[in-house]
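The primary structure of each chain is shown beneath.
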Amino acid sequence: MKSKETSNQLEITIRFFFLSLVILGFLYPLAVTGIAQSIFPSQAGGSLVRMNDKIVGSELFSQALNSQFLFRYRPSAASFGTIPSGASNLSPSSLDLRTTVEKREKDLENLGISKEECSELLYASASGLDPHISTRCAYEQSKWISGQTKMPIETINELVHKYTEYPLFGFIGRERVNVTKLNLEWKQMLHE
């Protein structure tokens, strides 16, 4: 009698496992993906940015710079690679971190960019792929870029303003600039 009861429980367990696998492993993900793609097609597809029918990046990720006249991202400990992405995991007391930050400070100083206005350019983001900088830093970089390209600073600042993102509902997050979208349009303006 005990073995019949045990076999019934085993049969119920196996059926429940396969039912859960079908529902939670296939049907639920397909439903959520379908809903997401119908309501938010761009976001569900990776927020890809296209230029001339060619995918040139995602507005969710920073990219390695290929020109000195582009707006700078926060540094990346993973060289802007998505696999593996991540931080350097250096502690605040690390000599390597101190040396790296001092080098970045000198680089900004040589460009005439204020490290106080662009302090985020001294430290990598946690993911190493964050495409955002503060508006303060974007406007600071505008001065340098205007001097280098001879483009009127007003034109550059209008572009910065165009790609400024504001806090969600007015209080969640901070005002920031998406450098990926900014650089893509800026490249078109420079005809690079």
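Along every chain, residues carry numbers that run from 1 in the direction the sequence is written. Under the rules for a predicted model, residues below a pLDDT of 70 receive no local features and side-chain atom pairs below 80 are neither given nor counted, while totals for whole chains, interfaces and linings still include all residues. The side-chain quantities take in all heavy atoms of the structure and omit both hydrogens and water.

Undergrad: Can you help me understand the packing of aromatic side chains in this one?
TA: The geometry of an aromatic ring pair is captured by two quantities: the separation of the ring centres and the angle between the planes. Only the six-membered ring of Trp is used, alongside the rings of Phe and Tyr, when aromatic pairs are assigned; centres must lie within 6.5 Å, and planes under 30 degrees apart are stacked while those over 60 apart are edge-to-face, with the rest tilted. Applying the stated criterion to the full structure yields one aromatic pair. Both rings, one in phenylalanine 17 and one in phenylalanine 18, keep their centres 5.1 Å apart while their planes meet at 75°; by these two values the pair is edge-to-face. You can call phenylalanine 17 partly exposed: its relative accessible area is 48%. Exposure classes here rest on a 1.4 Å probe applied to the protein chains alone. A residue is buried below 20% of its type maximum, exposed above 50%, and partly exposed in between.

Undergrad: Help me understand the layout of surface pockets, please; the structure alone is not making it clear to me.
TA: To find leftover empty space, a probe the size of one water molecule is rolled over the atoms. Whether a set of points on the 1 Å grid over the protein atoms alone is a cavity depends on a 1.4 Å probe fitting there but being unable to get out, while an open set qualifies as a pocket with protein on both sides within 12 Å along at least five of seven lines; lining residues are those with an atom within 4 Å of a point. Grid points are joined across faces, edges and corners, and a volume is the space filled by probe spheres set on the points. What the largest pocket holds in volume is close to 270 Å³. Ala64, Leu65, Arg72, Tyr73, Arg74, Pro75, Phe80, Arg104, Asp107, Leu108, Leu111 and Leu121 together form the lining of the largest pocket. A per-class count over the lining of the largest pocket returns eight nonpolar, no polar and four charged. Its volume calculated, the second largest pocket comes out at about 190 Å³. Around the second largest pocket sit 13 residues that line it, and Ser88, Leu90, Leu97, Arg104 and Ala124 are the ones nearest its centre. Taken together, the residues of the lining of the second largest pocket break down into seven nonpolar, five polar and one charged. Polar here means any residue other than Ala, Val, Leu, Ile, Met, Phe, Trp, Tyr, Cys and Pro, which are nonpolar, and Asp, Glu, Lys and Arg, which are charged; Gly is therefore polar.

Undergrad: Would you mind going over the environment of lysine 150 with me for this structure?
TA: In this text, helices come from DSSP runs of H or I with a minimum length of four residues, and strands from runs of E with a minimum of two, each type numbered from the N-terminal end. Topologically, lysine 150 is positioned in the loop between helix 4 (135-149) and helix 5 (153-162). The definition of a polar contact used here is a pair of N or O atoms within 3.5 Å, where within protein one atom must be able to donate a hydrogen and the other to accept one, and adjacent residues in sequence count solely through side-chain atom pairs. Looking at lysine 150, its side chain comes within polar contact range of the main-chain oxygen of glycine 147, at 2.9 Å.

Undergrad: Would you take a moment to explain the state of the cysteines for this structure?
TA: The term disulfide refers to a covalent linkage connecting the sulfur atoms of a pair of cysteines. Throughout, a disulfide means two cysteine sulfur atoms within 2.5 Å of one another. Applying the stated criterion across every chain yields a total of one disulfide. Paired through a disulfide, cysteine 118 and cysteine 137 show a sulfur-sulfur distance of 2.4 Å. Measuring the twist about the S-S bond at about 110°, one finds the cysteine 118-cysteine 137 disulfide to be right-handed. With cysteine 118 in the loop between helix 3 (95-111) and strand 3 (132-134) and cysteine 137 in helix 4, this residue pair connects regions lying 19 residues apart in the sequence. The same class applies to cysteine 118 and to cysteine 137, which are both buried.

Undergrad: Looking at this model, I keep getting lost on the UniProt feature "transmembrane region" (unreviewed entry) in the chain. Mind explaining?
TA: UniProt positions are given in the numbering used here, feature names are shortened, and annotations may be inferred rather than shown by experiment. The positions UniProt marks with the feature "transmembrane region" (unreviewed entry) are residues 12-31. As annotated, residues 12-31 has a helix share of 100% and a strand share of 0%, and its two end C-alpha atoms lie 26 Å apart.

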